[in-house]
Amino acid sequence: MILLIQVCMGGVGISILFCLARFWCGPSLADRIMAVDTLALNLVALVGLTAMAFGTGTYFSLTLVFSLLGFLGTLCVAKYMDGGSIF
Amino acid sequence: MKDIWVAVFLISGTFFLLVGSLGIWRMPDLYCRMHAQTKGSTLGIIGILIAATLYLGQMDIAVKSMLTIVFQLLTSATGAHLMSRAAHRQGVPLWSRSLGDDLK
């Protein structure tokens, strides 16, 4: 089981590399923000896998935090791109 | 028996995450990329969180994982819609082989 968890961590790492590549050469601002949002989702998955590998649920609240922060960032930048006031 | 279900959810979750991120890198257009990202990453998150819940088997982890799944299902579509609408208003071009533009 621990080997499977490590292989899945490798897969999530590869998808983080894809997101970083899109963040590096995204043509528009929305591409980059979308890449950062997906990066936050991949971090949520990585926290889940880390909790499985360590066998403890100490860090599991980080999934909620990363999910919330990714959505909040997307929301703020979308409002900023629309030209409205953020708050 | 539990290990089989954990392995199934773990492999499917990682597969969907990988497909979503590959779609972000390979799709031709911002809107196509957003489509791939929203569906794929949400399914991948759901699979991996369910696998972690089954593997660890504690109640607080189940509650947190359920909260994250529900929140992700609610906010993924909302964020993608907001972002694509803002990008369309800003004038991000569509793919040259797109069939139509309903917002124009």
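Residues numbered from 1 in each chain as written. Chains lettered and ligands numbered in written order. Predicted model: local features only at pLDDT ≥ 70, side-chain atom pairs only at ≥ 80, totals over all residues.

S.K.: Help me understand the overall build of chain A in this model?
M.R.: Assigned secondary structure in chain A consists of 3 helices and 0 strands. For chain A, the succession of helices and strands along the chain, N to C, is α-α-α. Expected size for 87 residues packed as a compact globule is a radius of gyration near 12 Å; at 15 Å, chain A overshoots this value by more than 25%. If one aligns the C-alpha atoms of chain A with their principal axes, the spans along those axes are about 50 × 30 × 10 Å. Expressed as a percentage of the 87 residues in chain A, the buried residues total 44%. For chain A, the share of sequence-separated contacts (at least 6 apart) that also reach a separation of at least 24 residues comes to 47%. (Helix = DSSP H or I, 4+ residues; strand = E, 2+ residues; numbered from the N terminus. Rg over C-alpha atoms; globule rule 2.2 N^0.38 Å. Buried ≥ 20, exposed ≤ 12 C-beta atoms within 10 Å, placed from the backbone. Contact = placed C-beta atoms within 7 Å.)

S.K.: Whenever I open this one, the interface of chain A and chain B confuses me. Can you help?
M.R.: By a widely used convention, the size of an interface equals the accessible area lost when the partners come together. Counting residues at the interface gives 39 residues for chain A and 41 residues for chain B. Listed by contribution, the elements that provide at least two residues to the side of chain A that touches chain B are α1 (2-25), α2 (29-54) and α3 (61-82) of chain A. The class makeup of the residues in the side of chain A that touches chain B is 24 nonpolar, 11 polar and 4 charged. (Nonpolar A, V, L, I, M, F, W, Y, C, P; charged D, E, K, R; others polar.)

Keep in mind these numbers describe shape, not what the thing actually does.
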